[in-house]
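# Summary of the model geometry
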Amino acid sequence: MKRALFPGSFDPITLGHVDIITRAATLFDEVIVAIGVNADKKYMFSLDQRKKFIEDTFKNEPKVKVATYKGLTVDYCKEIDVPFILRGLRNPADFEFEKAIAHTNRDLAPIETVFLLTSAQTSYIASSIVRDVIRNNGDYTKLVPDAVRVD
C-alpha cells in the first residue's frame with residue numbers, strides 16, 4: 001500500500017490544500033494529513049478545530065486520514081511507516097524552500113518527498129493570507145472549504 005504524509009499547520013486548511021490532497025488521493029492508497037504541533041507557534045485556530053475542519057472536508061474520502069504529531073516529520077514518518085512526504089508548490093520560492101527541506105529529510109531517513117504543483121486557480125492562496133482576511137472581516141469563504149467557519 002502506497003502511503004503519503006502531507007504535513008502542515010493547516011491554520012486553516014485552504015482550497016489549495018484541498019486541491020493537493022484530492023489529487024494526491026488519486027496517486028496514493030492513503031494520504032495522511034498530519035498537523036504538526038509546535039508549542040512555540042501561536043495559531044488562530046485550536047488543534048481540535050483544525051483537525052475537525054480537515055475531517056469534515058474529507059468525510060466522504062476514505063483514503064484521507066487526519067493525524068497530529070510533534071517533532072520532526074521524518075521521525076513521525078518512520079514511526080508510522082510512511083515512505084513519502086507530500087508537499088504542494090505554489091511558486092519558485094516554495095520550491096527552493098521545500099527542496100532544502102527534502103534534501104535534509106532524505107539525509108535523515110529513507111523518505112522521499114513528492115511535490116505537486118498547485119492548480120492555477122488556487123496558487124495564490126496561503127493560510128497566512130486567509131488569516132489576514134479573517135482578522136480584517138473579509139470574505140474568507142472563497143479561499144477555504146465549507147467546513148472552515150469562523151464564529
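Residues numbered from 1 in each chain as written. Predicted model: local features only at pLDDT ≥ 70, side-chain atom pairs only at ≥ 80, totals over all residues. Heavy atoms only, no water.

The condition that has to hold: UniProt positions are given in the numbering used here, feature names are shortened, and annotations may be inferred rather than shown by experiment.
Per an unreviewed UniProt entry, the recorded name for the protein is Phosphopantetheine adenylyltransferase, and the organism is Pseudotamlana haliotis. Under the UniProt heading Sequence similarities (unreviewed entry), the note attached to the protein is "Belongs to the bacterial CoaD family." Quoted verbatim from the Pathway (unreviewed entry) field of the UniProt record, the comment on the protein reads "Cofactor biosynthesis; coenzyme A biosynthesis; CoA from (R)-pantothenate: step 4/5."

### A word on the pairing of strand β2 (residues 30–37)
The side chains of a regular strand alternate, first on one face of the sheet and then on the other. The criterion, for reference: Exposure is judged per residue with a 1.4 Å probe applied to protein chains only, and the accessible area is read against the type maximum: over 50% gives exposed, under 20% gives buried, and values in between give partly exposed. In this text, helices come from DSSP runs of H or I with a minimum length of four residues, and strands from runs of E with a minimum of two, each type numbered from the N-terminal end. Strands pair, by our definition, only if DSSP identifies at least two bridges between them. Handedness of a crossover is defined as follows: orient the strands so they point away from the viewer, and if the path from the first strand over the helix to the second runs clockwise, the crossover is right-handed.
β2 sits mainly inside the fold: seven of its eight residues count as buried. As defined by bridge partners, strand β1 (residues 3–8) adjoins β2 across six bridges and the pair is classed as parallel. Bridge assignment links F6 to a residue of β2, and that residue is V33. Handedness of the crossover is the feature at issue here: the chain leaves β1, passes through helix α1 (residues 15–24), returns alongside β2, and the resulting connection is right-handed. Relative to strand β3 (residues 64–70), β2 runs parallel, the two sharing seven bridges. Looking across to β3, one finds that V31 is bridged to V64. With helix α2 (residues 47–57) bridging β2 and its parallel neighbour β3, the resulting β-α-β unit is right-handed.

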